[in-house]
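One-letter residues, chain by chain:
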Amino acid sequence: MNFTKYVFFSSGVRRDRCIDCSQRITHGSNVYFTNSNDCCSILEKLDFSRFGGSIRSVDGDISELYLISDMHMTDYSSTMFDYAVLHRPQIFYCYDLDTYYRNRGVYMDFEEEAPGPIIKDTDGLIEYLKAPRTGDYEDRYQRFMKKYTHREDGKNSKRIGDLIDKIMKEGEAGKSSK
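Only a predicted model underlies this, so the values are computations on that prediction, with no experimental measurement involved. (Residues numbered from 1 in each chain as written. Predicted model: local features only at pLDDT ≥ 70, side-chain atom pairs only at ≥ 80, totals over all residues. Heavy atoms only, no water.)

Caption draft 1: Just the pairing of strand 4 (residues 71-74), in detail. Side chains Met 71 and Met 73 project from strand 4 onto one buried face, and the interleaved His 72 and Thr 74 project onto a second face that is buried too. Two strands pair when backbone bridges link them, and strand 4 and strand 5 (residues 90-93) are joined in this way by three bridges, in the parallel orientation. Bridge pairing in strand 5 links Thr 74 to Phe 92. With helix 4 (residues 79-84) bridging strand 4 and the parallel strand 5, this β-α-β connection has right-handed handedness. (Buried < 20%, exposed > 50% of the residue type's maximum accessible area, 1.4 Å probe, protein only. Helix = DSSP H or I, 4+ residues; strand = E, 2+ residues; numbered from the N terminus. Pairing = 2+ DSSP bridges. Right-handed = clockwise from strand over helix to strand, strands pointing away.)

This is the structure in structure tokens:
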């Protein structure tokens, strides 16, 4: 699989970082940014055609981007949990990790539990995108899945339906015994 066919940025990656990365991203890539990202308006005004790919700002349902992307790039966003159920690679572009810890904090042991590489500079990010080493993070990804998404097995609707059926049958059985 060509993991750089679609790269999906989400959340609050700073404008200047988005532009720097996007200008240098692997040739032939298609990069999508969510409109929640403050760099979208600037990116749309720039001409990236010389890179052989495209940069697009997308609004609407973020889950549609999950489905078309081969890789998710974010910072500390909770989108990592949503995307994890797809079993696709994630990159965490955390150029401000120390500042973020100091000023905002995180909701988990981020450096230990993030389900993919934590990259702290644009050069490292570009290098990773040119040659993703997704297998290097499989154990980490599996631990994340086990801890945070263990009930995301594609069978939740069936479980809810079965529970409703059970409750309905118990209700009917109670009525008939009266």
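Caption draft 2: Quick peek at the pattern of salt bridges. Overall, the coordinates contain four salt bridges when judged by the stated rule. A salt bridge links Glu 111 to Lys 120, with the nearest nitrogen and oxygen atoms 4.0 Å apart. For Lys 120, a relative accessible area of 43% translates into the label partly exposed. (Salt bridge = Lys/Arg side-chain N within 4 Å of Asp/Glu carboxyl O.)

Caption draft 3: Looking closely at the nonpolar core. Ranked by size, the top nonpolar core spans 14 residues in total, and within it Tyr 76, Met 80, Phe 92, Cys 94, Met 108, Phe 110 and Phe 144 carry the most contacts. Listing elements by their share of this core, those giving two or more residues are helix 4, helix 5 (97-103) and helix 8 (138-148). In this structure Phe 144 touches Met 80, Phe 81, Ala 84, Met 108, Glu 113, Pro 115 and Thr 149, once residues within four positions along its chain are discounted. Tyr 93, Tyr 95, Tyr 128 and Leu 129 belong to the second-largest nonpolar core, a separate cluster that totals nine residues. (Core = buried A, V, L, I, M, F, W, Y, C linked by side-chain atoms within 4.5 Å. Contact = heavy atoms within 4.5 Å.)

Caption draft 4: Structural detail: the environment of Glu 138. Assignment of secondary structure puts Glu 138 in helix 8. The class of Glu 138 is partly exposed, set by a relative accessible area of 38%. In this structure the C-alpha to C-alpha distance between Glu 138 and Pro 89, which are 49 residues apart in sequence, comes to 9.1 Å.

Caption draft 5: Expanded view of helix 8. Inspection of helix 8 places Arg 140, Tyr 141, Phe 144 and Met 145 among the buried residues, and these make up the whole buried set. Buried residues in helix 8, looked at end-on, bunch into an arc of 135°, giving them a common side. Turned more than 90 degrees from where helix 8 packs its buried face, Asp 139, Arg 143, Lys 146 and Lys 147 sit exposed. (Arc of directions from axis to C-beta.)

Caption draft 6: Structural view of the side chain of Glu 113. Looking at the element boundaries, Glu 113 is found in helix 6 (residues 110-113). Classification of Glu 113 as buried rests on a relative accessible area of 18%. Of the polar contacts made by the side chain of Glu 113, one reaches the side chain of Tyr 148; its length is 2.4 Å. When sequence neighbours within four positions are dropped, the list of residues in contact with Glu 113 reads Met 108, Arg 140, Phe 144, Lys 147 and Tyr 148. (Polar contact = N/O pair within 3.5 Å; in protein donor to acceptor, adjacent residues only side chain to side chain.)

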